[in-house]
Amino acid sequence: MSVLPLVFTSGWASGINAYAVVLLLGVFGATGISDEVPASLQRTDVLVVAGVLFLCEAVADKIPYVDSLWDSVHTVVRPIAGAVVAALLAGESGSLPELAAGAVGGSTALMSHLVKAGTRMAVNTSPEPFSNIAVSTAEDLGVAGIITFAIFHPLAAAIIAATLLVLGIVILAFLASRIRRFLRRRAQRREERHLAGTGSHWPLG
C-alpha cells in the first residue's frame, strides 16, 4: 500500500504540532505498534528531545499572544519537520519517492500551520484566556487522535485531515476581520513600547 495517505496526514498534523507527530510516531515504532516508522524516529535521543519540546509547546500554546509568537517562530520549523517526517516515511516504505513525499508533507504542513496561526490571531482578540486553552487542547487531542488513527487506517485518516484543512481555510476566511484587528493591536503595542523606550532617553531638565 502507498504511504501517501500517511505522508499527507503527518504533514497536516506537523503544521499544528510537529513535536507531537515525531513523538507519537517514534513511540508507535519503538513499541512495535507500527513497522512503517523509520528507525531514526525511534531513537531515544529523538524521543527525549521531541518530548521536551512537546511539553514546551503545550505550555506556550495556551498563553494568549505567546502562542502567536511561538507560531511565528515555527513558521519555518513545522513545514521542515513535515517534509522530513514525510521523506523518512517514504524512504522506509519504498512506495513513494522521498523528494515527492517531502514536498507533499512540507506543503501540507505549511498550509495547516498558516490556518492554525491565523486562527490563533483571531482567538487572541478575545480578552479572556480560556478560549486559547480550549483551542490548544482541542488541537493537541486532534493531532494525537488522527495520527493514532492513521497508523491503523491511513486512507480514512487522510480524508479526515483533508476535510479539516479545507474547513480550517474556510473558517479562516470568516475570521479575517479579527485577524486584522489582532495585527493592528500588535503593531500598536510595538509602537507604544518604542515610544516609551525613546521617551526614557530624554535628558532630564
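Residues numbered from 1 in each chain as written. Predicted model: local features only at pLDDT ≥ 70, side-chain atom pairs only at ≥ 80, totals over all residues. Heavy atoms only, no water.

1. A closer look at the environment of His-153
1) Next: By secondary structure assignment, the location of His-153 is in the loop between α5 (130-152) and α6 (154-174).
2) Next: Residue class for His-153 comes out partly exposed when judged on its relative accessible area of 43%.
3) Next: In this structure the C-alpha to C-alpha distance between His-153 and His-74, which are 79 residues apart in sequence, comes to 29 Å. (Helix = DSSP H or I, 4+ residues; strand = E, 2+ residues; numbered from the N terminus. Buried < 20%, exposed > 50% of the residue type's maximum accessible area, 1.4 Å probe, protein only.)

2. Focus: the pattern of salt bridges
1) Next: For the structure on display, the rule yields nine salt bridges.
2) Next: Between Arg-78 and Asp-71 there is a salt bridge, and its shortest N-O distance comes to 2.9 Å.
3) Next: Among the residues examined, Arg-78 registers a relative accessible area of 0% and is labelled buried.
4) Next: A salt bridge links Glu-139 to Arg-120; its shortest N-O distance comes to 2.9 Å. (Salt bridge = Lys/Arg side-chain N within 4 Å of Asp/Glu carboxyl O.)

3. A word on helix α2 (residues 44-60)
1) Next: Taking 1.5 Å per residue as the helical rise, α2 with its 17 residues ought to reach 24 Å, and the 24 Å between its terminal C-alpha atoms agrees with that figure.
2) Next: Those residues of α2 that fall on the buried side of the exposure criterion are Leu-47, Ala-50, Gly-51, Glu-57, Ala-58 and Ala-60. (Expected span 1.5 Å × (residues − 1).)

4. What about the nonpolar core?
1) Next: Ranked by size, the top nonpolar core spans 36 residues in total, and within it Val-3, Val-7, Trp-12, Leu-25, Val-143 and Ile-147 carry the most contacts.
2) Next: Where this core is concerned, the elements lending two or more residues are α1 (4-30), α3 (66-93), α4 (98-123), α5, α6 and α7 (176-199).
3) Next: With eleven residues, the single largest contributor to this core is α1.
4) Next: The residues contacting Ile-147, other than those within four sequence positions of it, are Thr-9, Ser-10, Ala-13, Val-21, Leu-24, Leu-25 and Phe-28. (Core = buried A, V, L, I, M, F, W, Y, C linked by side-chain atoms within 4.5 Å. Contact = heavy atoms within 4.5 Å.)

5. Considerations on unusual backbone geometry
1) Next: With a phi close to 75 degrees, Tyr-65 is a non-glycine residue in the positive phi region.
2) Next: In this fold, Tyr-65 is placed in the loop between α2 and α3.
3) Next: The exposure class assigned to Tyr-65 is partly exposed, which follows from its relative accessible area of 31%.

6. Here's the deal with the packing of α2 against α3
1) Next: The geometry of α2 relative to α3 is characterised by a closest axis approach of 9 Å and an angle of 140 degrees between their N-to-C directions. With respect to their mutual orientation, α2 and α3 come out oblique. Residues Cys-56, Glu-57 and Ala-60 of α2 form the contact with α3, whose participating residues are Val-66, Asp-67, Trp-70, His-74 and Arg-78.
2) Next: Among the residues forming the contact of α2 with α3, the class breakdown is four nonpolar, one polar and three charged. (Axes fitted to C-alpha atoms, helices over the stretch in contact; angles between N-to-C directions. Parallel < 35°, antiparallel > 145°, perpendicular 65-115°, else oblique. Nonpolar A, V, L, I, M, F, W, Y, C, P; charged D, E, K, R; others polar.)

7. Looking at a nonpolar patch on the surface
1) Next: Where nonpolar side chains cluster on the molecular surface, the patch consists of Phe-149, Ile-160, Leu-164, Leu-167 and Ile-171 and spans about 400 Å² of accessible area.
2) Next: Along the chain, Leu-164 falls in helix α6.
3) Next: Assessed through its relative accessible area of 38%, Leu-164 is described here as partly exposed. (Patch = residues over 30% accessible without salt bridge, like charges linked within 9 Å, V, L, I, M, F, W, Y side chains within 5 Å. Areas by Shrake-Rupley, 256 points an atom, 1.4 Å probe, with all protein chains shown as cover.)

8. Re the environment of Ala-117
1) Next: Of note, Ala-117 is situated in helix α4.
2) Next: Each C-alpha atom of the pair Ala-117 and Leu-172 lies 9.7 Å from the other, and the pair is 55 residues apart in sequence.

9. Quick look at the side chain of Ser-34
1) Next: Along the polypeptide, Ser-34 turns up in the loop between α1 and α2.
2) Next: When neighbours within four sequence positions are excluded, Ser-34 is seen to be in contact with Phe-28, Gly-29 and Ile-151.

10. Brief notes about the packing of α1 against α3
1) Next: The contact between α1 and α3 brings their axes to 8 Å, and the two run at 110 degrees. By the angle between their directions, the pair α1 and α3 is classed as roughly perpendicular. Classified by chirality, the crossing of α3 by α1 is right-handed. Of α3, the residues touching α1 (which contributes Leu-6, Val-7, Ser-10, Ser-14, Gly-15, Ile-16, Ala-18, Tyr-19, Val-22 and Leu-25) are Trp-70, His-74, Val-77, Arg-78, Ala-81, Gly-82, Val-85, Ala-86 and Leu-89. (Left-handed = near helix turned anticlockwise from the far one by under 90°.)

11. Describing the environment of Phe-28
1) Next: Inspection of the secondary structure puts Phe-28 in helix α1.
2) Next: The sequence separation of Phe-28 and Thr-148 amounts to 120 residues, and the corresponding C-alpha distance is 8.6 Å.
3) Next: Setting aside chain neighbours within four positions, we find Phe-28 in contact with Ile-33, Ser-34, Ile-147, Thr-148 and Ile-151.

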